[in-house]
Amino acid sequence: MIAGSYSAAMVDTRHAVPGTDRVLDDGDVAAAVDRLGRDLVKKAIHSAQQRARAGDIDPADVVKATLAALPPSAATIRRVLNATGVLLHTNLGRAPLSEAAVRALVEASGTTDVELDLTTGQRGRRGATTLAALLEAVPGAEAAHVVNNGAAALALAATALAQGKEIVLARGEMVEIGDGFRIPDLLTSTGARLREVGTTNRVHLDDYRDAIGPDTGMVLKVHPSNFVISGFTSSVGVSALAGLGVPVVVDIGSGLLAPNARLPREPDAATTLSDGASLVTASGDKLLGGPQAGLLLGHLDLVHRLRRHPLARGLRVDKLTLAALEATLTGPDTPTAEALGRSETSLAARADTLSANLRQAGIDAAACATSALVGGGGAPDVDLASAGIRLPQRYATALRGGEPPVLARHDNGTCTVDLFAIAPEDDDAVRQAIVAVA
Ligand SMILES: *Cc1c(COP(=O)(O)O)cnc(C)c1O
C-alpha cells in the first residue's frame, strides 16, 4: 500500500537520526562537554537532530553538524575585527588589550595574591603593584586610586568632595558621554548641586570666582571629548582655576598619561596635574589602551578621602582589571599606541598588498586613502590619515556575519575596510573573511 510504505519511510528516516546519548559518546563531542558544559552541547545536538529530521542534513552528519554549531566558548561575546577606522569603538568594547595584559589577566584568573603579602603572610594592600605602576607612569601624582570606569571615578569624586555641596562647572562642559548618559545628571545623582557658570561658548575666571563660596565642594573641568566648539569661544585653563583655593577636579576622559604628539589638543594626566589640578579622572580603556577602569590621580589627602569613602567599596575593581591595568602600564606598547604610531605610508602599503591579493582572487577591490578617528571620547577634531580597501556595498553586511565578523564602514554605496585599527598580523584574517564573502 502506498500509504503504508510512505509512513514506513518516515519511520526509517527518524530511526536513522542518532539519539542524544550516542552523539555524546563521540570523542570530539565529549571533549566539547568538558570545554563548554553539557547544556550548551546538548542545545547544539538538539538543533542538529532537528535539522536531520527536517531533511536539511544527512542523519549521518549529526555529529559533524553538532560540532559546527558549537560556540567557541561558553560566553557569547565574540571577537570582531575592527575595520571601521574608529580606533576606540564603543560598540566594539573600546581598546583591545595587549598580549601582556591578556596574559596577566589569565594569570590573575585563579586564586591570587591580590590582597596578600606573600613574604609576611599578612593581608596586603589590594592592587598595590598596580597603583605603584600608575604612580611611576605619572610621577606628578602623589597618590592614585582605581575604580570601575571613568564615570565611577567622577561619581566617587563628586560624592566624597561635594555631596550636599556645590560643584562649579562651565556650561560649555556639560557633556553627554553617550547612550543618553550625561555628566551633569551623574553629578547631581550623588547629592551634589551643580553651579553652572558662563555660557555655552564662553566662560571667564571671574565667573568661577563669583560662583565660589562656602558651599563649594569642588570646581570641575570636563574635557569635551566628543565634540568641538569653535568660533567665539573662551574657557579657563587648569592653572588659573588652581589659584581659586578650592579642589579642582579635571575629567580628562581619554586616559592619556603623558602628551601624545599625534593628538596635540588631547589633555593628559601629567600636564594637567603639573598645571595645578588637585585630582584627575580618566578612563582606562580609551587612549591608555587598557581594561575598562576609572583612574583617579592627584593629591594624597583627596585620594585618601576618596579611597576611604563607603562608596569606594561599591566601585572597586576586580583582580582581572588590576592585573590587566598593571601589565598595560608596565608592558610593551598597547595595540592602541601601536595603531597611533603607524604611518600613512605603511597603512597604504598594506592596503595595496591586500587589494592586489583580492583582485587576484577575482574580487572587485581597490586600495584607497581614508580618514580614521580616535573615537570613544577622544580627540574629536583629529583626522588620522589612513588607508583601506573599497569593496561593493553588499560586502558590509556579509562581512559582519562572517567568521570572524569584520565590522567595516559603508558610505556612498561602497564598503570600506579601514586598516587603521587592524593589527598587521590580522590582515590575512581580513583577506580570508573577504574571500569567504566573495
Ligand atoms: C569617556 C568619558 C567619560 C566616561 O568614562 P567611562 O570610562 O566610559 O565611564 C567621562 N568623561 C569624559 C570626558 C569622557 O571622555
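Residues numbered from 1 in each chain as written. Predicted model: local features only at pLDDT ≥ 70, side-chain atom pairs only at ≥ 80, totals over all residues. Heavy atoms only, no water.

S.K.: Just to check I follow, could you spell out the site of the ligand for this structure?
M.R.: Surrounding the ligand, one finds 14 residues, the nearest of these being A151, S225, D251, S283 and K286. G150 has a polar backbone atom sitting 2.8 Å from an oxygen atom of the ligand. Protein chains shield 93% of the accessible area of the ligand, which is 380 Å² for the free molecule. Looking at the shell around the ligand, the elements that each hand over two or more residues are α8 (150-162) and β8 (248-253). The class makeup of the residues in the shell around the ligand is four nonpolar, seven polar and three charged. (Near = heavy atom within 4 Å. Polar contact = N/O pair within 3.5 Å; in protein donor to acceptor, adjacent residues only side chain to side chain. Areas by Shrake-Rupley, 256 points an atom, 1.4 Å probe, with all protein chains shown as cover. Helix = DSSP H or I, 4+ residues; strand = E, 2+ residues; numbered from the N terminus. Nonpolar A, V, L, I, M, F, W, Y, C, P; charged D, E, K, R; others polar.)

S.K.: Would you mind showing me how to read the pairing of strand β9 (residues 279-283) here?
M.R.: Look at any regular strand and the pattern is simple: side chains alternate between the two faces of the sheet. Most of β9 sits inside the fold, with five of its five residues counted as buried. A two-sided burial pattern is seen for β9, the buried positions comprising L279, T281 and S283 on one face and V280 and A282 on the other. Pairing between β8 and β9: four bridges, direction parallel. Of the residues in β9, the one forming a bridge with V249 is L279. Crossover connection from β8 via helix α12 (residues 269-274) to parallel β9: handedness right-handed. (Buried < 20%, exposed > 50% of the residue type's maximum accessible area, 1.4 Å probe, protein only. Pairing = 2+ DSSP bridges. Right-handed = clockwise from strand over helix to strand, strands pointing away.)

S.K.: Just to check I follow, could you spell out the sheet that holds β8 for this structure?
M.R.: Strand-to-strand pairing in sheets goes through backbone hydrogen bonds, with the strands running parallel or antiparallel. Read across the open sheet, the seven strands follow the order β2-β10-β9-β8-β7-β3-β6; overall the sheet is mixed. Since the sheet does not close on itself, it has two edges, and those belong to β2 (143-147) and β6 (193-197), each with one partner. Shown here is a sheet whose adjacent strand axes are inclined to one another by a mean of 25°, direction ignored. When strand β3 (residues 166-170) meets strand β7 (residues 216-222), the two strands line up parallel, connected through four bridges. Counted as the bridge partner of I167 is M218 from β7. Along the sheet, helix α7 (residues 128-137) contacts β2 and β10 (294-298); its crossing angle with β2, the most-contacted strand, is approximately 125°. (Axes fitted to C-alpha atoms, helices over the stretch in contact; angles between N-to-C directions. Contact = heavy atoms within 4.5 Å.)

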